[in-house]
Amino acid sequence: MSRRPAIEDLLREAAPQVLGAVVRRFGDFADSEDAVQEAMLEAARSWPARGTPDNPVGWLIHVASRRMTDRMRSEGARRRREELAAAQEPPEAEPAPGHDDSLVLMFMCCHPQLTPASAIALTLRAVGGLTTGEIAAAFMVPESTMAQRISRAKQAIKGSDVPFAMPGRREWAERLRSVLHVLYLIFNEGYVTSGGSELARGELSAEAIRLTRAVRTALPGDPEVAGLLALMLLTEARRPARTGERGELIPLEEQDRALWNRDLIVEGTELITEAVARGAVGEYQVQAAIAAVHDRAARVEDTDWREIVAWYDLLERMTDNPMVALSRAIAVAMVDGPEAGLRLLEELDEPLAGHHRLHAVRAHLLERAGRGDEAVGEYETAAARTTSVPEQHYLTTQAARLNDRRG
Amino acid sequence: MKFMLIQNYESTETTNEPLTKWAPEDAKAHIDFQIRLNEELSERGELVEAQALTGPELAKIVVHDGEGTPVVTDGPFPEAKELLAGYRIVDVESPERAVEIAAETSAAPGPNGVPLRQRIEVREIMGTPGSDA
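Calculation rules
Residues numbered from 1 in each chain as written. Chains lettered and ligands numbered in written order. Predicted model: local features only at pLDDT ≥ 70, side-chain atom pairs only at ≥ 80, totals over all residues. Heavy atoms only, no water. Helix = DSSP H or I, 4+ residues; strand = E, 2+ residues; numbered from the N terminus. Buried < 20%, exposed > 50% of the residue type's maximum accessible area, 1.4 Å probe, protein only. Areas by Shrake-Rupley, 256 points an atom, 1.4 Å probe, with all protein chains shown as cover. Lys, Arg positive; Asp, Glu negative; His and termini not counted. Charge placed at Lys NZ, Arg CZ, Asp CG, Glu CD. Contact = heavy atoms within 4.5 Å. pLDDT = per-residue confidence, 0-100. Core = buried A, V, L, I, M, F, W, Y, C linked by side-chain atoms within 4.5 Å. Polar contact = N/O pair within 3.5 Å; in protein donor to acceptor, adjacent residues only side chain to side chain. Expected span 1.5 Å × (residues − 1). Salt bridge = Lys/Arg side-chain N within 4 Å of Asp/Glu carboxyl O. Buried area = accessible area lost by both parts, 1.4 Å probe.

**Q** Give me the lowdown on the overall build of chain A, citing residues and values where you can.
**A** When you go through chain A residue by residue, the secondary structure sums to 20 helices and 0 strands. Each principal axis of the C-alpha distribution contributes one length, and for chain A these read about 80 × 45 × 40 Å. Looking at the 407 residues of chain A, the share that counts as buried comes to 51%. About 18,900 Å² of surface is accessible on chain A, with carbon and sulfur atoms providing 51% of the total. If the 49 positive side-chain charges of chain A are averaged to one point and the 62 negative ones to another, these points end up 4 Å apart.

**Q** Quick rundown of the overall build of chain B? Include the residues and the values.
**A** In terms of helices and strands, chain B carries 2 helices and 6 strands. Of the regular secondary structure in chain B, the N- to C-terminal order runs β-α-β-β-β-β-α-β. Counting only C-alpha atoms, chain B reaches 50 × 50 × 25 Å along its principal axes. Buried positions account for 35% of the 133 residues belonging to chain B. Taking as baseline every contact in chain B between residues at least 6 positions apart, the subset at least 24 positions apart corresponds to 73%. Surface exposure of chain B reaches about 8,000 Å², of which carbon and sulfur atoms provide 53%. Each charge class in chain B can be summarised by its mean position, and for the 12 positive and 25 negative side chains these summaries are 4 Å apart.

**Q** Talk me through the confidence of the model for chain B; I want residue IDs and the actual numbers.
**A** Residue and element names in this part refer to chain B. Here chain B averages 88 in pLDDT, and 93% of its residues register 70 or above. The secondary structure element of chain B with the lowest average pLDDT is strand β4 (residues 71-74), at 93, and the one with the highest is helix α2 (residues 95-106), at 97. In the predicted assembly, ipTM is 0.79 and pTM is 0.84.

**Q** Lay out the nonpolar core with the relevant residues and their values.
**A** Core analysis: the largest hydrophobic core is formed by 106 residues, its most contacted members being F29, L60, L122 and L183 of chain A. With near-sequence residues (within four places) excluded, L183 of chain A lies in contact with M106, A208, L211, T212, V215, L228 and M232 of chain A.

**Q** Summarise the side chain of D101 of chain A; cite the residues concerned and give the values.
**A** Residues and elements named next belong to chain A. Here D101 shows up in helix α5 (residues 98-109). Overall, D101 belongs to the buried group, its relative accessible area being 3%. There is a polar contact of 2.6 Å between the side chain of D101 and the side chain of R24.

**Q** Describe helix α1 (residues 5-26) of chain A, naming the residues involved and giving the relevant values.
**A** For an α-helix, the turn length of 3.6 residues means that residues three or four places apart are oriented alike. Between the first and last C-alpha of α1 of chain A there are 31 Å, a value that for 22 residues agrees with the 32 Å anticipated at 1.5 Å per step. Just downstream of α1 of chain A, G27 of chain A is the residue with a positive phi angle, here 85°.

**Q** Requested: an account of unusual backbone geometry, with residues and values cited.
**A** A cis amide bond, omega -5°, links G75 of chain B with the succeeding residue P76 of chain B. Counting through the fold element by element, P76 of chain B comes out in the loop between β4 and β5 (84-91). One non-glycine residue, A280 of chain A, lies in the positive phi region at around 45°. Mapping A280 of chain A onto the fold places it in the loop between α13 (262-277) and α14 (283-296). Its relative accessible area of 65% is what places A280 of chain A among the exposed residues.

**Q** Let's hear about the pattern of salt bridges: which residues, and what values?
**A** Residue and element names in this part refer to chain A. One pass over the structure, following the stated rule, counts 40 salt bridges over all chains. Among the salt bridges present, the one from E8 reaches R12, with a minimum N-O distance of 3.0 Å. Placement of both E8 and R12 in helix α1 is noted, with a separation of 4 residues, approximately one turn of the helix. You can call R12 buried: its relative accessible area is 4%. Across the salt bridge formed by D31 and R71, the nearest N and O atoms sit 3.7 Å from each other. Here D31 is found in helix α2 (residues 29-50), whereas its partner R71 is found in helix α3 (residues 56-74), with 40 residues between them in sequence. With respect to burial, D31 and R71 carry one shared label: buried. Linked through salt bridges whose partners overlap, the residues forming this network are D31, E33, D34, E38, E42, R66, R67, R71, R125 and K154.

**Q** Please set out the interface of chain A and chain B residue by residue, giving values where relevant.
**A** With 32 residues of chain A at the interface, the matching set in chain B holds 20 residues. Taken together, the two surfaces of chain A and chain B that pack against each other cover about 2,000 Å², and 49% of this comes from carbon and sulfur. At the boundary of chain A and chain B, one finds 1 salt bridge. Taking the shortest distance from any N to any O, the salt bridge between D91 of chain B and R149 of chain A comes out at 3.1 Å. Applying the counting criterion to the chain A and chain B interface returns 7 residue pairs in polar contact (both at pLDDT 80 or more).

**Q** Would you mind going over the environment of V62 of chain B in detail, with residue names and values included?
**A** Residue and element names in this part refer to chain B. Mapped onto the elements, V62 comes out in strand β3 (residues 60-63). In this structure, the C-alpha to C-alpha distance between V62 and E25, residues 37 residues apart in sequence, is 38 Å. If we skip the residues at most four places from it in the chain, V62 touches P70, V71 and V72.

**Q** Quick rundown of helix α20 (residues 389-406) of chain A? Include the residues and the values.
**A** Residue and element names in this part refer to chain A. For α20, with 18 residues, the first-to-last C-alpha span of 26 Å sits near the 26 Å given by 1.5 Å per residue. Looking only at α20, the buried set comprises P390, E391, L395, Q398, A399 and L402. N-cap assignment for α20: the residue whose side-chain oxygen lies 3.3 Å from the backbone N of E391 is S388.

What follows is the structure, given as structure tokens:
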């Protein structure tokens, strides 16, 4: 990456504001987005040598608009008539406040009609201001493949006639849910995935946090937005402790808590405390509340498992996701003992059939219950079924350790 | 999620002749099919990598005990049919989509344009543990 970090940050911050202004002037989202990407690449090339202009956003809008005009000139007459009609919309003298555009763009890029992978790629480029190459590197696919994915996503938006505006009241909740889900997926991709460099991974999570902050600035009163941001911060806080020197997974109960990021924990805890106090508790808030309980325990034995069980009780009433029931079983086992947890797992045999996490949790609880012989097989099954290398290493090591003990 | 779609050298249900022994127009149709499939996957934003390997004649098998000289055996080998011929890596939304691509690959045109019904092994690449609550 040849961009210097300061310029890179500046460009990423400016991206949604610039794109918002260009779309409002020319109407065509797909072409405007390409023009803004080109303007940003030009900035990344010329600013380091010539210096950053006094008004970077204005510079970028100007260059992107020139690209749009060039494009219109070089295209056919029919096309030109269409574009001119669009350009006759009253042009904005000043770009609208940046955070509004971030949110409008986010709603477009996370349209429920797009597949998650397309929405993620488009959001990172159009709202996050990342280059196609950077996004391709983060997801370990060729740049040409990522470019096609973004281009197809834009065509899908074009085909669905989504207006460049905030969604109406009727669809608001569903559309916001899509936005939050995409942001959650971007964060998760950066947090749990083992492939790629740690740097690229961490950057994805940082982007997700930055974009969620932008949504929060635009919607300061929405408790689920606050909940998602808190969840990200409280999870991100543990990143330094969650992997060993060679990338091996360190489970929560074995992490060196001195490595956790205090500032993120304080900020996340404040956010979630305030959000929950407002009532209207949603799923992200509950997950953040659970993360906060873990994060405030100085030692693993200080964890308030009863409070965690209570939060999972609430979460279970909101969702039929069997993974929630699985997590709740772990918490119950911490309060009432491993046999109580094992009994809860029996109900999950059907909904989570063959899922490696069910076997991993059962193995863990069997071992704690002193049933090591039964635990081995469960560890082995879990290791055979996981799709993550660090997890497989961890589970294999557990099985080998128990087998060794049996002699 | 990423999958590797693997093809071996074994004969298919419809032919055991290598491509070099097919009618030229059939061989061309087969090669065009492979190129078109790659283009199509790339346009859909799904293609990560497509590679063909050199044939069993150029293959070597190496065995070493950590000391002394490694034992190197030159191909072809009696078990050549089990050797990897080529693979595609695709990044798709679902396992079902990977199977769909594998099915398309399996039906590549053979002699007289008859679908080859080649065996395609579908293997998920280790990566994301998947999001959970």
